[in-house]
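Fold and geometry: a report
Here's the letter readout for the chains.
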Amino acid sequence: MKAGALTREQLGDALAEQRRRGALPGRLVVILIERGDVTEGAVVRAVAQELCLPWVSMRHVDVSDTLTRLIPRRTAEEFCVMPVYVRRDNKGPLTLYLAMDDPTWEEALYTASVIAGMPVRPMVAARSELVAAIAEHYPQAPVAVSAPHPSPGPSRTQPPAGR
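What you see is a predicted model, and the numbers here were worked out from it, not measured in a lab. (Residues numbered from 1 in each chain as written. Predicted model: local features only at pLDDT ≥ 70, side-chain atom pairs only at ≥ 80, totals over all residues. Heavy atoms only, no water.)

As a further point, take the overall build of the chain. When helices and strands are counted, the chain shows 7 helices and 3 strands. Along the chain, helices (α) and strands (β) appear in the sequence α-α-α-α-α-β-β-α-β-α when read from the amino end. The proportion of buried residues among the 163 residues of the chain is 38%. A separation threshold of at least 6 residues defines the contact pool for the chain, and within that pool the share at least 24 residues apart is 57%. As presented, the chain carries roughly 10,000 Å² of accessible surface, and 53% of it is formed by carbon and sulfur atoms. (Helix = DSSP H or I, 4+ residues; strand = E, 2+ residues; numbered from the N terminus. Buried < 20%, exposed > 50% of the residue type's maximum accessible area, 1.4 Å probe, protein only. Contact = heavy atoms within 4.5 Å. Areas by Shrake-Rupley, 256 points an atom, 1.4 Å probe, with all protein chains shown as cover.)

As structure tokens, this is what we get:
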């Protein structure tokens, strides 16, 4: 709403629809996109701006076999992530830059770091582009990307129980 891409009324309607559907936390953005209230690209850019992270369009990334060997297909599907590039910043260790639709998902970042054997830095990308990139660069089987993960702890839209 801060960036002017979404009205309070649209957000309220989407939250009501989320409650009606019994949708898990993390599905609000999907509902907003399905309703046509926002575009996926606008959400990606807003999240990246809010979190001071780079965003990437996977349509413009040339993913090498070397990168896909760092993150296996199963991990890419489970967390909906794609390796973008490896870089050494300021004489530090090699770092994997990882495109993901939810750059706050610490489990995904930790798992990718352990599997790749190097630190990982998130980049924000559209979920639809990540799914397409996984299908293109890991062609062994159909993509079965998991649903957006539930947020840990209580929902931000509901107070904790007992209040």
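Now that the structure has been shown, we can carry on.
This paragraph deals with the nonpolar core. Residues Val 56, Met 58, Ile 71, Met 82 and Leu 96 are the most contacted members of the largest nonpolar core, which totals 31 residues. Those elements giving two or more residues to this core turn out to be helix H4 (65-70), helix H5 (73-79), strand S1 (81-88), strand S2 (94-100), helix H6 (106-116), strand S3 (120-124) and helix H7 (127-137). For this core, the element with the most residues is S2, which contributes 5 residues. By size, the runner-up hydrophobic cluster in this structure holds 6 residues, among which are Leu 6, Ala 14, Leu 32 and Val 43. (Core = buried A, V, L, I, M, F, W, Y, C linked by side-chain atoms within 4.5 Å.)

With that settled, consider the packing of aromatic side chains. Per the stated rule, a full pass over the model turns up 2 aromatic pairs. When the ring of Phe 79 is compared with that of Trp 105, the centres are 5.0 Å apart and the planes differ by 75°; the resulting orientation is edge-to-face. Of this pair, Phe 79 sits in helix H5 while Trp 105 sits in the loop between S2 and H6, placing them 26 residues apart in sequence. Of the two residues examined, Phe 79 and Trp 105, each falls in the buried class. With a centroid separation of 4.6 Å and an interplanar angle of 20°, the aromatic rings of Tyr 85 and Tyr 97 are classed as stacked. (Phe/Tyr/Trp six-rings, centres within 6.5 Å; stacked < 30°, edge-to-face > 60°.)

Attention now moves to the side chain of Thr 75. Mapped onto the elements of the fold, Thr 75 is located in helix H5. Residue classification places Thr 75 among the buried positions, given a relative accessible area of 8%. When neighbours within four sequence positions are excluded, Thr 75 is seen to be in contact with Cys 80, Val 81, Thr 111 and Ile 115.

Let's shift gears to the packing of helix H1 (residues 8-21) against helix H2 (residues 28-35). For the pair H1 and H2, interaxial distance at closest approach is 9 Å and the crossing angle is 115°. Considered as vectors, H1 and H2 are oriented roughly perpendicular to each other. The way H1 lies across H2 gives a crossing that is right-handed. Facing Gln 10, Leu 11, Asp 13, Ala 14, Leu 15, Glu 17, Gln 18 and Arg 21 of H1, the residues of H2 in contact are Leu 28, Ile 31, Leu 32, Glu 34 and Arg 35. (Axes fitted to C-alpha atoms, helices over the stretch in contact; angles between N-to-C directions. Parallel < 35°, antiparallel > 145°, perpendicular 65-115°, else oblique. Left-handed = near helix turned anticlockwise from the far one by under 90°.)

This model, assessed by the stated rule, comprises 9 salt bridges. Close ionic contact of Asp 101 with Arg 127 constitutes a salt bridge, the shortest N to O distance being 2.7 Å. Pair noted here: Asp 101 is in the loop between S2 and H6 and Arg 127 is in helix H7, with a separation of 26 residues, a long-range link. Its relative accessible area of 24% is what places Asp 101 among the partly exposed residues. Here the residues in one salt-bridge network are Asp 13, Glu 17, Arg 21, Glu 34, Arg 35 and Asp 37, joined through shared partners. (Salt bridge = Lys/Arg side-chain N within 4 Å of Asp/Glu carboxyl O.)

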